[in-house]
Amino acid sequence: MTIFQILTSALSSFILTALFTPLFINYAHKRNQGQMIREEGPKWHQKKSGTPTMGGFVFNIAILITGLWVPLCFDHLTPVVLALDVTLILYGLIGFWDDSIKLFKKQNEGFTPRQKLLCQIIGALIFLAFYHHEKLPYSLAFFGHEVQVGLIVYGLFVIFWLVGFSNAVNLTDGLDGLVSGQAIIAFGAYAIIAYHQKQYDVVIFCLAVIGALFAFLGFNHKPAKIFMGDMGSLALGGALAAVSIMVHHEMLLLLIGIIFVCETLSVILQVASFKLTGKRIFKMSPIHHHFELCGWSEWRVDLTFWAVGLIAAVIGVLTTI
C-alpha cells in the first residue's frame, strides 16, 4: 500500500466532511433542530442548548463513501472492509433513530435503555454473521497467547464488545471535541497495527475515519458549532470495537481506548457507590464532568484526556509491532 493510497483515503473523507458539515449546520439552524442539554449536567452547559446535533450523519456518510470507492479503486474491497462499513452504518442508524426521537420530542432522552440495547445486540449479531462467513478464528489474544473459545463464547464476546464500546464512546461524548480527538488517536493506533499486519482494507477504513474526524473536529472543538450526537458516538464505538476484532487485538482496546474505559467505569462506580452507601465517589459522572466541577476548563480536560489516550495508544502499538 503506497503513501498515495493512504493519503487518498484520509483526504477523501476529510474533504467530504469539510464541505458538507457547514451545509448541515445551516440546515439545522433553519429547521431549528438543536441539542437539548441534560438538566443534570453542569449548569454552564445549558448555554449550549440549541447547538445543531447529529453531525455524525455527515462524517458517517463521508466514511462510508470513502470506505467503498477507495478500496474499490485500489483492489482492497474485501468482506472485511464491508463488515466495518456496515457496522459503522448500523450503529449510526441506531443513533440516528435515538437522536430523532430527542429532536422530535424536544428532550434529552431518546430510546429506552432496553430498546437501545436490543438494537445494539442486533447490530453486533450482523457483524458476527460477517465474521463467521469469513471463517475467521474464534479465539482471543491474551498477552501474546491465543485462547480458542469456540463460536458461542466468541459470539457472546463480540456482542459484549460492540455494545460495550459503543456505549463507552457515547458516555464520553459530553465535552466539545473530546470524542473526536480521542477517536482519532484510537483509530490511528489500530491503523498502524493493521498496516503492520498488511491488512490494508482495515487501514483504509481507519484512515477514512481519521480524515473525517479531523475535518469534523474543526467544527466540534470548543465552542462547538455542531455535536456528533448518538449517531456519531455509537457508530464510532461500534466500529472501533469491530476494528479491534478484525486485527485480532481485541483486549488491546482496553489500553488504546483507556479514556473510554475510564469514563464508563466512573459511571458504574458512581452508581454502585450511591446505591450501596448513599455517597458519590465523583462530583459528577462521567468523570470528565468531575474535572469540570473541580474547576478545569473544557480545553484542559480535552487536552489532558487526549494526552493520556495518546500515551496509552503509543504503548499499545509498541507492544504489538
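Going by the annotation in an unreviewed UniProt entry, the name recorded for the chain is Phospho-N-acetylmuramoyl-pentapeptide-transferase, with Ligilactobacillus ruminis SPM0211 given as the source organism. The annotation that UniProt attaches to the chain under Catalytic activity (unreviewed entry) is "UDP-N-acetyl-alpha-D-muramoyl-L-alanyl-gamma-D-glutamyl-L-lysyl-D-alanyl-D-alanine + di-trans,octa-cis-undecaprenyl phosphate = Mur2Ac(oyl-L-Ala-gamma-D-Glu-L-Lys-D-Ala-D-Ala)-di-trans,octa-cis-undecaprenyl diphosphate + UMP".

On to the environment of Gln 148, then. Tracing the sequence through the fold places Gln 148 in strand S2 (residues 145-148). Residue classification places Gln 148 among the exposed residues on the basis of a relative accessible area of 61%. Through-space distance from the C-alpha of Gln 148 to that of Pro 137 is 8.1 Å; in sequence the pair is 11 residues apart. Residues contacting Gln 148, with those up to four places away along its chain left out, are Tyr 138 and Ser 139.

Glancing now at the UniProt feature "binding site: Mg(2+)" (unreviewed entry) in the chain. The residues that UniProt annotates with the feature "binding site: Mg(2+)" (unreviewed entry) are Asn 170 and Asp 230. Across 61 residues in sequence, these annotated residues keep their C-alpha atoms within 6.5 Å of one another, forming a single compact spot. Mapped onto the fold, Asn 170 is located in helix H5 (residues 150-172). Discounting residues that sit within four places of it in the chain, Asn 170 has contacts with Lys 116, Asp 230, Ser 233 and Leu 234. At 3.2 Å, the side chain of Asn 170 forms a polar contact with the side chain of Lys 116. Among the secondary structure elements, Asp 230 is positioned in helix H8 (residues 229-246). In terms of polar contacts, Asp 230 uses its side chain to reach the side chain of Asn 170, at 2.8 Å.

In the structure shown here, the tally under the stated rule is 15 aromatic pairs. Their ring planes at 40° and their centres at 5.8 Å tell us that Tyr 154 and Phe 157 sit as a pair that is tilted. Of this pair, Tyr 154 and Phe 157 both sit in helix H5, three residues apart, which is roughly one turn of that helix. By the burial criterion, Tyr 154 is buried, and Phe 157 matches it. Between Phe 291 and Trp 296, the ring centres sit 4.7 Å apart and the planes meet at 40°, which makes this aromatic pair tilted. Classification of Phe 291 as partly exposed rests on a relative accessible area of 22%. Here a set of aromatic residues connected by ring pairs shows up, and it is made of Phe 127, Tyr 131, Tyr 138, Tyr 154, Phe 157, Phe 160, Trp 161 and Phe 165. The ring of Phe 274 has Arg 280 sitting right over it, with the charged end atom 4.3 Å from the ring centre.

What counts, and where the lines are drawn
Counting of residues starts from 1 at the beginning of each chain's written sequence and follows it residue by residue. For this predicted model, a pLDDT threshold of at least 70 governs which residues receive local features, and a threshold of 80 or more governs which side-chain atom pairs are given and counted, while totals over whole chains, interfaces and linings are taken from all residues. Side-chain numbers here rest on the full set of heavy atoms in the structure, without hydrogens or water. UniProt positions are given in the numbering used here, feature names are shortened, and annotations may be inferred rather than shown by experiment. Here a strand is any run of E in DSSP of at least two residues, a helix any run of H or I of at least four, and the numbering for each starts at the N terminus. Each residue is assigned to one of three classes by its accessible area relative to the maximum for its type, calculated with a 1.4 Å probe on protein chains only: buried under 20%, partly exposed between the two thresholds, exposed over 50%. Contacts between residues were defined by any pair of non-hydrogen atoms, one from each residue, lying within 4.5 Å. Between N or O atoms, a polar contact is any pair within 3.5 Å; within protein, one atom must be a potential hydrogen donor and the other a potential acceptor, and residues adjacent in sequence are included only when both atoms are from side chains. The rule is short: rings of Phe, Tyr and Trp, with Trp giving its six-membered ring, pair when the centres are within 6.5 Å, and they are stacked under 30 degrees, edge-to-face over 60, tilted in between. We call a charge positioned above a ring when the Lys NZ or Arg CZ atom is no farther than 6 Å from the ring centre and deviates by at most 35 degrees from the ring normal.

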